[in-house]
Amino acid sequence: EKGGGDCGCAEDDVEGEGAGSCGVGTNLGSATAGAAGGDYSSDEDNDDDEEPDVIDLEDMGDAMKRSSSPKSVTDGPKEMVTPRQAAALKKEGYKLIGTHSAVKLCRWTKHQLRGRGGCYKHTFYGITSYRCMEATPSLACANKCVFCWRHHKNPVGREWRWKTDDPYMIVDQSIKTHVQMIKEAKGIPGVQKERWEEAHTVRHCALSLVGEPIMYPRIDEFLADLHSRSISTFLVTNGQHPDAILDLRPVTQLYVSVDAPTPKSLVEIDRPLFDDAWDRLRRSLSGLRDRGQRTVARLTVVKGWNTDEIGGYADLVALGRVSLVEVKGVTFCGKSDASNLNMSNTPWHHEVVELTRKLMVHLNETRERMIEEGREEEAPPEYGLACEHRHSCSVLLARADQFAVDDPATGRRTWNTWIDYDEFDRLAARHAADPTFQFGVTDYAAPTPEWALFGSEEEGFDPTDTRHRKKGKRPLYTKFDEDGVPTHDANGEVIAEGERDRLRGLMEERKRQIGEGDGSSQIRELKGGEKEIEDASLMFRGLTVTSASR
């Protein structure tokens, strides 16, 4: 989940999207400026706050024993996680399993247990967020991405060189540890008893917690054990181990993170350990072409870093002929020495939508051109806007030939991006018993509900749940024109023309102050490679009022 992360860090509960730089100051009365894209929305404490990289006193004894005990040449491979790394990971809420694995309770699990909405995977694919376990069999990774939401507390490495734990032990202990965390969540205010009881049976596993799961040498056995327990698998890889992708058994959904559109930007964004990282990414995407099950290219949008070169992204998507393309705004998880991102690098939902539209148009225009040239077999598939989850700044493109349902009578298009998990269980079990049996994407597709479709009034929020607003806060403005000038107030009422003119005047003044680029925004290079974005078109977004201000 890499990038923005399946951490479940809920973006702005005030407006249901990331946020941008404000720059309005006190010109708007009682309005307050929301921080860009941060998790100031939750009604519960942030259990992901960065902690000092130190060893607890209770861990010090073990650390001293390890450091003072001489290693014999017969000890074999060392353990992956050092005492210092273990202490740092535990402070961030990880539950370590064996010597190289971990689980953590996702915030979206807690949100949906309380009836406050599910994650984007619930909207896009129909998972039950409160029955999803977030885990990894490998804390190590071959990249040091600038947007990593774990601030690089985990180990890094190009290849596996550590002690290898038994996959069945990892699965068993991960489930037991996850269920124990569910039990402890019973005391969270608002937890629904029926959902809490159902959550004791894990149904989905997001293999995207941290690190690179596919590095684990026994990943195939690990996946097989999950499937034998009727647990679906969402496996995310950073595309640096292409050969491992070819050896995998069918996975419910297999991701490759596509974090940059060019070799140069890939080095800047992912900071890979491999010198041939770009070639490895391309080989990984090529490996997706021949897999029969659902494949995903996952783009994490970081403003000022990787939002240019749409054509480069389109080429990579076409290379993999992936089933789905997830485009998600980066989640800002606080400052750290390991990352030089800031809040202005987090895009708003409308910016993610715009980028996704451009990508779709580029892919489909390329397809049409190649067909006209008589190169239909080489042309990328047709893609369409299928779903959105505004709360996560996420948009989904889907292949029309695999998921679109067109009604010839009305001309309306709906989608089948949801998953029939029971059917996948049956198909995966049959393949495990007879590897010659093959199945494909459409064999376990299911209809996507209306509320989850792109452009729906709910914008991807499940109407069976209730939206929570922190401390009664709500947006000062609810709709904007194409320039970013507010058109509707906090109550959804149309703003008078005179007031709109005043607000437009403030925006024009801000543009003059910025005075660079296209006149509305500029990127400033700061010390340490940090990039700060000033954008006048975002100055009215993120402003809030409290319910008492009605």
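Structure shown above.
What you see is a predicted model; the values in this text were computed from it and never measured.

In this section: the overall build of the protein. Tallying secondary structure elements over the protein gives 15 helices and 21 strands in all. Among the 550 residues that make up the protein, the fraction classed as buried is 58%. Across the protein, the fraction of contacts at a sequence separation of at least 24, relative to all contacts at a separation of at least 6, is 75%. For the protein, the accessible area works out to roughly 22,900 Å², and carbon and sulfur atoms hold 47% of it.

What follows deals with the sheet that holds strand S7 (residues 253-257). A sheet is described by the order of its strands in space; here ten strands give the open sequence S2-S3-S4-S5-S6-S7-S8-S9-S11-S10, paired in mixed fashion. Two strands close off the open sheet at either side, each with one partner strand: strand S2 (95-97) and strand S10 (383-389). Recorded for the sheet is a direction-independent mean angle of 25° between the axes of neighbouring strands. Pairing analysis gives five bridges linking S7 to strand S8 (residues 294-301), with the strands arranged parallel. Within S8, the residue paired with Gln253 across the bridge is Arg294.

Right, let's talk about the pattern of salt bridges for a bit. Counting across every chain of the model gives 31 salt bridges. For Arg249, the salt bridge goes to Asp220, with nearest N and O atoms at 3.2 Å. Of this pair, Arg249 sits in the loop between helix H8 (242-246) and S7 while Asp220 sits in helix H7 (residues 219-228), and the two are 29 residues apart along the sequence. A relative accessible area of 22% places Arg249 in the partly exposed class. Of the residues examined, Asp220 reaches a relative accessible area of 25% and is grouped as partly exposed. Arg298 is the salt-bridge partner of Glu326, the closest N and O atoms lying 3.6 Å from each other. Highlighted residues: Glu326 in strand S9 (residues 324-329) and Arg298 in strand S8, separated in sequence by 28 residues. A network of salt bridges, in which partner residues are shared, links Asp172, Lys176, Asp225 and Arg229.

Turning to the side chain of Thr233, a few remarks are in order. Looking at the secondary structure, you find Thr233 in strand S6 (residues 232-237). When its relative accessible area of 0% is taken as the criterion, Thr233 is described as buried. Here the side chain of Thr233 touches His227 through a polar contact of 2.8 Å, side chain to side chain. Discounting chain neighbours no more than four positions away, the residues touching Thr233 are Cys205, Leu223, Leu226, His227, Val251, Thr252 and Gln253.

Criteria and thresholds
Residues numbered from 1 in each chain as written. Predicted model: local features only at pLDDT ≥ 70, side-chain atom pairs only at ≥ 80, totals over all residues. Heavy atoms only, no water. Helix = DSSP H or I, 4+ residues; strand = E, 2+ residues; numbered from the N terminus. Buried < 20%, exposed > 50% of the residue type's maximum accessible area, 1.4 Å probe, protein only. Contact = heavy atoms within 4.5 Å. Areas by Shrake-Rupley, 256 points an atom, 1.4 Å probe, with all protein chains shown as cover. Pairing = 2+ DSSP bridges. Axes fitted to C-alpha atoms, helices over the stretch in contact; angles between N-to-C directions. Salt bridge = Lys/Arg side-chain N within 4 Å of Asp/Glu carboxyl O. Polar contact = N/O pair within 3.5 Å; in protein donor to acceptor, adjacent residues only side chain to side chain.

That's the geometry; what it means functionally is another story.
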